[in-house]
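The lines below spell out each chain.
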Amino acid sequence: MFAWIPVFPLVGVLLNGLLGIKYFSKRAVSTVAVGAVGLSFAASVASFVRLLGSTEPVVVKAYFTWIPASLVRVFGGRLQSLAIDFSFRYDSLAAVMTLVVTGVGLLIHIYSVGYMARDRGYARFFAYLNLFTFAMLILVLGANLAVMFIGWEGVGLCSYLLIGFWFSKDTAANAGKKAFITNRVGDFGFILGIGLLVSALGTVDIGEIAAGIGGGLLGRGTATAAALLLFLGATGKSAQIPLYTWLPDAMEGPTPVSALIHAATMVTAGVYMVARMHVLYSFSGTALDVVALVGALTAVYAATMGFVQNDIKRVLAYSTISQIGYMFIGLGVGAYSAGIFHLMTHAFFKSLLFLAAGSVIHALSGEQDMRKMGGLKARLPVTYPVFMAGALAIAGVPGLAGFFSKDEILAAAFASGHYAVWVLGLAGAGMTSFYIFRLIFLTFYGRERAEPEARHHLHESPRIMTAPLQVLALLAIVGGYAGLPHVLGGRNWFAAFLRSSTGISDHPLAASAEIMLMLFSAGVSLAGIWAAYVVYVKKEGLPAERLAARFKAVYRLVSRKYFIDEIYDRVAVRGTLALGRLSAWFDARIIDGLVDGSGWLVRKFSSASMAFDEAVVDGAVNGIGRAHRAVSRGLRRLQTGYVYNYALAIVIGLVILVSLAVTIF
Amino acid sequence: MIPVNLVLGLGLLIFSIGLVGVLVRKNLIIMLMSLELLLNGVNIILAGLGCHFKSPRGSVFALFVIVMAVSEAAVGFALVLSYFRQKQRADADELNELKG
């Protein structure tokens, strides 16, 4: 059943990609693309329902042998037969991921029909979008790291194609390249991690790796190394320190792409991967702490940059980086289900925020600078409330999706004794609610600062764009109740459901402590909102300007994104270029010199040997011929051709012979 | 009985006439005839010496030479005839195609 989930988007890609670009009308293209994802979503729901009723929590199905069996010698000299099947693994984790990918994907596809309506690359866009959905589904369904890697690279490719969708724009093309190359660095780690696991355990199958670790076949150091290498891949894909710089630039892509790929699904692939490999990470321990620390640092670090960005989509991009940091905190403290829970709720509210931002941009004829917005509350009667719902959800206001998931993560961090991580997470929560409400207040409140031209065309988005927004808003509000914690009278159904695939966090917390933590984080988030209100509504940006003026150096540092891009440019990009130039010089001078030099030598040698050949060998041959000719020139005089001459010669010879005979006898 | 020296002298005389004929005459037919003289001179010597030594060998050998001379004459005249047909004459000093 679940094998059908990725098939529909693949059919969509083939139809739209091969035929649609040339022959289909826009209506046919969108029917195919949306229909494919819709069927895929239906298949996901059906599989999910079947899984709920089934007694078998994990289904692994091999479809064909991808790489036939061969013996490999693994660490410790053991011989192991390594065969890689193309196989899918469907369990509760895969169920959640497929539902999120196809569900949110479906809404974003529908939204795109309106958003991209007047774009010339309409069919190409939907083909890419379907291809992305396909690759993402392969990634979440893959039963071994090799199949997962296909999806992993596939989504990276689609990300590149879609960021650079408007490739005639230089910034978009460069952003695509940046995303792709940055991901290469991470993927390098990922594939090294796979290689390490193969050489240590002789298998890439997730179940077998878990079994091998359970059987004590893996050393702790090797496990840590493999886990960290895989995590390097995750930092690339999920835009964490140190490989996050590509995500803000990725906002050059169309907004639905930002929502689907760079908020809801692809960037959470790293989170999914760590949760999928949780046995390895838990076994290592050290790697888990690294995950938590990187997540916490990223959560705070990215949030600070959200304060000072003026581009509405870039604020959301930094917010995404920061929120994924939260997911990694959840994973890093061992609360895998909490991390995945936040992944799901984040997919709801962040894609909502992106799509709503897209709606705002659409309304303002392409304006993305928040300094040129303001006062849109009344002008966008549908977009405003859904945007607000998303903002409240991400800020962690009690009762909405973000609150439950973020709180579960922070509670788990506290309960497992990672107090530093907890403090960072809490600080990040306050900052999150500040920057997201800064965005809300700058966009929807205050004076209208739009350009007269844009103000003239100001309009609410069409129904096909607002309907998905409303569905997502509903999900952002109620999505959290899937994991309603026990202290609030729920059963934390979500964690129980995921137990079969990610285990359960074993740090119980007293009910009173949990309530205290909740109040604490709720207070922090409300404080953030209040601060944003004071700064951006009550005094209309004055304190912000004053602060910026007073801490000029700090402001400059943060608004220039800590100069990390510049540092990467100096070190990585120019370093690579310099290395390239050095290699080119080495190639041109040394290697080519060697080649040319040996060529020169060969030429000299061969001309010497030619001289020898002409003078000595040919001379000998010709000399022999010439000598023959000289001799024969003399001898041929004898051959007169006259019979009597010959007769005379015979007679003379006879006379000589006879006289000899006479003399001797 | 004719003295053997006389016979040898006759043979030598005929041989010498033939030899001179072959060497100095230009006409191919004459040369062939001189060739016959050469052979017959030798034949006389062979036959004469056979008689002298009371042995049949000389005569037998002479007979062989006669047979050979016949065939040689036949082939030789055929060649001369064919040459004559092409050039309308049969002179040996024209025949120098084998000149080196």
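Residues numbered from 1 in each chain as written. Chains lettered and ligands numbered in written order. Predicted model: local features only at pLDDT ≥ 70, side-chain atom pairs only at ≥ 80, totals over all residues. Heavy atoms only, no water.

### Some thoughts on the overall build of chain B
Line of reasoning, step 1. Across its full length, chain B holds three helices and zero strands.
Line of reasoning, step 2. Order of helices (α) and strands (β) in chain B, N terminus to C terminus: α-α-α.
Line of reasoning, step 3. Here chain B has a C-alpha radius of gyration of 16 Å; the compact-globule value for 100 residues is 13 Å, and the former is much larger.
Line of reasoning, step 4. Across its three principal axes, chain B shows a C-alpha extent of roughly 50 × 25 × 25 Å.
Line of reasoning, step 5. Of the contacts formed within chain B by residues at least 6 apart in sequence, a portion of 58% connects residues at least 24 apart.
Line of reasoning, step 6. Accessible surface, chain B as shown: approximately 6,700 Å² in total, 73% of it carbon and sulfur.
Line of reasoning, step 7. In chain B, which carries 8 positive and 6 negative side-chain charges, the distance between the mean positions of the two groups comes to 6 Å. (Helix = DSSP H or I, 4+ residues; strand = E, 2+ residues; numbered from the N terminus. Rg over C-alpha atoms; globule rule 2.2 N^0.38 Å. Contact = heavy atoms within 4.5 Å. Areas by Shrake-Rupley, 256 points an atom, 1.4 Å probe, with all protein chains shown as cover. Lys, Arg positive; Asp, Glu negative; His and termini not counted. Charge placed at Lys NZ, Arg CZ, Asp CG, Glu CD.)

### What to know about the side chain of A:Thr383
All names here are of chain A.
Line of reasoning, step 1. With respect to the helices and strands, threonine 383 occurs in helix H16 (residues 383-395).
Line of reasoning, step 2. A relative accessible area of 0% places threonine 383 in the buried class.
Line of reasoning, step 3. Polar side-chain contacts of threonine 383 include one of 2.9 Å to the side chain of serine 359.
Line of reasoning, step 4. For threonine 383, the contacting residues outside a window of four places in its chain are Ala356, Ser359, Val360 and Glu460. (Buried < 20%, exposed > 50% of the residue type's maximum accessible area, 1.4 Å probe, protein only. Polar contact = N/O pair within 3.5 Å; in protein donor to acceptor, adjacent residues only side chain to side chain.)

### Side note on the environment of A:Lys538
Line of reasoning, step 1. Locating A:Lys538 in the fold gives a position in helix H22 (residues 511-538).
Line of reasoning, step 2. For A:Lys538 and A:Gly446, which are 92 residues apart along the polypeptide, the C-alpha to C-alpha distance reads 9.4 Å.

### Side note on helix H1 (residues 4-24) of chain B
Line of reasoning, step 1. Between its first and last C-alpha, H1(B) extends 30 Å over 21 residues, near the 30 Å set by a 1.5 Å rise per residue.
Line of reasoning, step 2. Within the sequence span of H1(B), burial applies to B:Val7, B:Gly11, B:Ile14, B:Gly18, B:Gly21 and B:Val22. Taken around the axis of H1(B), the buried residues stretch over an arc of 100 degrees, which confines them to a single face. Away from its buried face, by an angle of more than 90 degrees, H1(B) presents the exposed residues B:Asn5, B:Leu6, B:Leu12, B:Leu13 and B:Val24.
Line of reasoning, step 3. Contacts from the buried residues of H1(B) go to helix H26 (643-664) of chain A together with helix H2 (28-52) of chain B. (Expected span 1.5 Å × (residues − 1). Arc of directions from axis to C-beta.)

### Overview of the pairing of strand E2 (residues 79-90) of chain A
All names here are of chain A.
Line of reasoning, step 1. Alignment of strand E1 (residues 59-73) against E2, held across 11 bridges, turns out to be antiparallel. Each residue of the ladder has a partner; that of valine 72, found in E2, is glutamine 80.
Line of reasoning, step 2. Linking E1 back to E2 in an antiparallel pair, the connection comprises five residues, with glycine 76 at a positive phi of about 90 degrees. (Pairing = 2+ DSSP bridges.)

### Some remarks on the side chain of A:Thr345
Line of reasoning, step 1. Position of A:Thr345 relative to the elements: it lies in helix H15 (residues 336-363).
Line of reasoning, step 2. If sequence neighbours within four positions are ignored, A:Thr345 has contacts with A:Ala401, A:Ser405 and A:Gly480.

### A short note on the interface of chain A and chain B
Line of reasoning, step 1. Listed per partner, the contact involves 11 residues of chain A and 11 residues of chain B.
Line of reasoning, step 2. Note on chain A versus chain B: buried area summed over both sides is about 980 Å², and carbon and sulfur give 73% of it.
Line of reasoning, step 3. Here chain A is connected to chain B by zero salt bridges.
Line of reasoning, step 4. Across the chain A-chain B interface, the total number found is zero residue pairs in polar contact (both at pLDDT 80 or more).
Line of reasoning, step 5. Its residues assigned to classes, the side of chain A that touches chain B shows seven nonpolar, three polar and one charged. (Buried area = accessible area lost by both parts, 1.4 Å probe. Salt bridge = Lys/Arg side-chain N within 4 Å of Asp/Glu carboxyl O. Nonpolar A, V, L, I, M, F, W, Y, C, P; charged D, E, K, R; others polar.)

### Some points on the packing of H26(A) against H1(B)
Line of reasoning, step 1. Contact geometry of H26(A) with H1(B) gives a least axis separation of 8 Å together with a crossing angle of 140 degrees. The pairing of H26(A) with H1(B) is recorded here as oblique in orientation. Two secondary-structure elements touch here, H26(A) through A:Tyr644, A:Ala647, A:Leu648 and A:Val651 and H1(B) through B:Leu19, B:Val22 and B:Leu23.
Line of reasoning, step 2. In terms of residue class, the contact of H26(A) with H1(B) is made up of seven nonpolar, no polar and no charged. (Axes fitted to C-alpha atoms, helices over the stretch in contact; angles between N-to-C directions. Parallel < 35°, antiparallel > 145°, perpendicular 65-115°, else oblique.)

### Here's the deal with the pattern of salt bridges
Between side chains of opposite charge, a pair can form as their charged atoms come close.
All names here are of chain A.
Line of reasoning, step 1. Enumeration according to the criterion identifies 10 salt bridges over all chains in this entry.
Line of reasoning, step 2. Two residues, lysine 169 and glutamate 252, come together in a salt bridge whose shortest N-O distance is 3.5 Å. Linking lysine 169 in the loop between helix H5 (145-163) and helix H6 (170-201) with glutamate 252 in the loop between helix H9 (246-249) and helix H10 (255-264), this pair joins segments that are 83 residues apart in sequence.
Line of reasoning, step 3. Residue glutamate 252 is classed as partly exposed on the basis of its relative accessible area, which comes to 23%.
Line of reasoning, step 4. Note that aspartate 249 is salt-bridged to lysine 178, the shortest N-O span being 2.9 Å.

### Notes on the packing of aromatic side chains
All names here are of chain A.
Line of reasoning, step 1. All chains considered together, the criterion is met by 32 aromatic pairs over all chains.
Line of reasoning, step 2. Centre to centre, the rings of phenylalanine 125 and phenylalanine 126 are 5.5 Å apart; their planes meet at 90 degrees, and the pair counts as edge-to-face. Accessibility classification places phenylalanine 125 together with phenylalanine 126 in one group, the buried group.
Line of reasoning, step 3. Summarising the aromatic geometry, the rings of tyrosine 128 and phenylalanine 165 are spaced 6.4 Å apart at their centres and angled 85 degrees between planes, so their arrangement reads as edge-to-face. Residue tyrosine 128 is found in helix H4 (residues 122-141), and its partner phenylalanine 165 is found in the loop between H5 and H6; the two are separated by 37 residues along the sequence.
Line of reasoning, step 4. Judged by its relative accessible area of 1%, phenylalanine 165 is buried.
Line of reasoning, step 5. Against the face of phenylalanine 180 rests arginine 184, its NZ or CZ located 4.7 Å from the ring centre.
Line of reasoning, step 6. The cationic tip of lysine 406 hangs over the ring face of tyrosine 326; the distance from NZ or CZ to the ring centre is 5.3 Å. (Phe/Tyr/Trp six-rings, centres within 6.5 Å; stacked < 30°, edge-to-face > 60°. Lys NZ or Arg CZ within 6 Å of the ring centre and 35° of its normal.)

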